[in-house]
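Fold and geometry: a report
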Amino acid sequence: LLFITTILGSSFVNAATIDTTDWYQYNGYGSVHSFSLRFPTDWQSYIISDDLQGFGPKTNQDSEPIFLVKEFENQTYDQAINYYANEESGSISTTDFIFHSTKEDLPAKKAVNKTFFKRGSLIIALDSQTNDYQDVINAIQDSFEFTSRWHQYINFSDHYSFIFPADFAIQ
């Protein structure tokens, strides 16, 4: 697989003031690639469907989740972004950037106020439903990482990247 991108920006500001080590860990599984993220122990997870999960404070148990994780299997970035097109009016602009996770740098896209990550045939969309809890939401988002045993090669000068099994090496 080959994933080509133009690098325009950098990752989110790191939520260094929030320690996530004692938070719960959510593990998601695609057909080949898995991922995880952390959320506070005073929050709960919502399983909305097989490909949509939500998170929100336990104090708001009767309300909708305020942070969503949507999985798109065997779809393109355009298909995943267009899934949200009805929520927005006008044309959809995208920004490519490098997301700096704790394990690796990930090419990502920002569109329709959502962040998209792609690994093989799996695209993950992270979606904040509110401007409240922004420090916590940033910390949740910053904890995102792919956990499957693949590495990512990024060539900044020629603007492309690709993934390869962790047991392989680039020479």
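Our subject is the structure that appears above.
Residues numbered from 1 in each chain as written. Predicted model: local features only at pLDDT ≥ 70, side-chain atom pairs only at ≥ 80, totals over all residues. Heavy atoms only, no water.

1. A closer look at the packing of aromatic side chains
- Applying the stated rule across the entire model yields 16 aromatic pairs.
- Judged by centre distance (4.9 Å) and plane angle (75°), the rings of Phe99 and Phe117 are edge-to-face. Here Phe117 lies in strand β9 (residues 114-119) and Phe99 lies in strand β7 (residues 94-100), a separation of 18 residues in the sequence.
- Centre to centre, the rings of Phe144 and Phe146 are 5.2 Å apart; their planes meet at 80°, and the pair counts as edge-to-face. Each member of the pair Phe144 and Phe146 is classed as buried. (Phe/Tyr/Trp six-rings, centres within 6.5 Å; stacked < 30°, edge-to-face > 60°. Helix = DSSP H or I, 4+ residues; strand = E, 2+ residues; numbered from the N terminus. Buried < 20%, exposed > 50% of the residue type's maximum accessible area, 1.4 Å probe, protein only.)

2. Here's the deal with the sheet that holds strand β3 (residues 34-39)
- As summarised here, the arrangement of the three strands in space is β2-β3-β11, forming an open sheet in which the pairing is antiparallel. Two strands in the sheet have a free side with no partner beyond their single neighbour: β2 (24-29) and β11 (145-146).
- The sheet contact formed by β3 and β11 spans two bridges and is antiparallel. Residue pairing for β11: Phe35 is matched across the bridge by Phe146. (Pairing = 2+ DSSP bridges.)

3. Let's talk about the sheet that holds β7
- The seven strands lie next to each other as β4-β5-β6-β10-β9-β8-β7, forming an open sheet whose pairing is antiparallel. Every other strand in the sheet has two partners, leaving β4 (43-49) and β7 as the edge strands with one partner each. Averaged over all neighbouring strand pairs, the angle between strand axes comes to 25°, with direction disregarded.
- In this sheet, β9 lies alongside strand β8 (residues 105-111) in antiparallel orientation, the contact comprising four bridges. If you follow Lys110 over to β9, its bridge partner there is Thr115. (Axes fitted to C-alpha atoms, helices over the stretch in contact; angles between N-to-C directions.)

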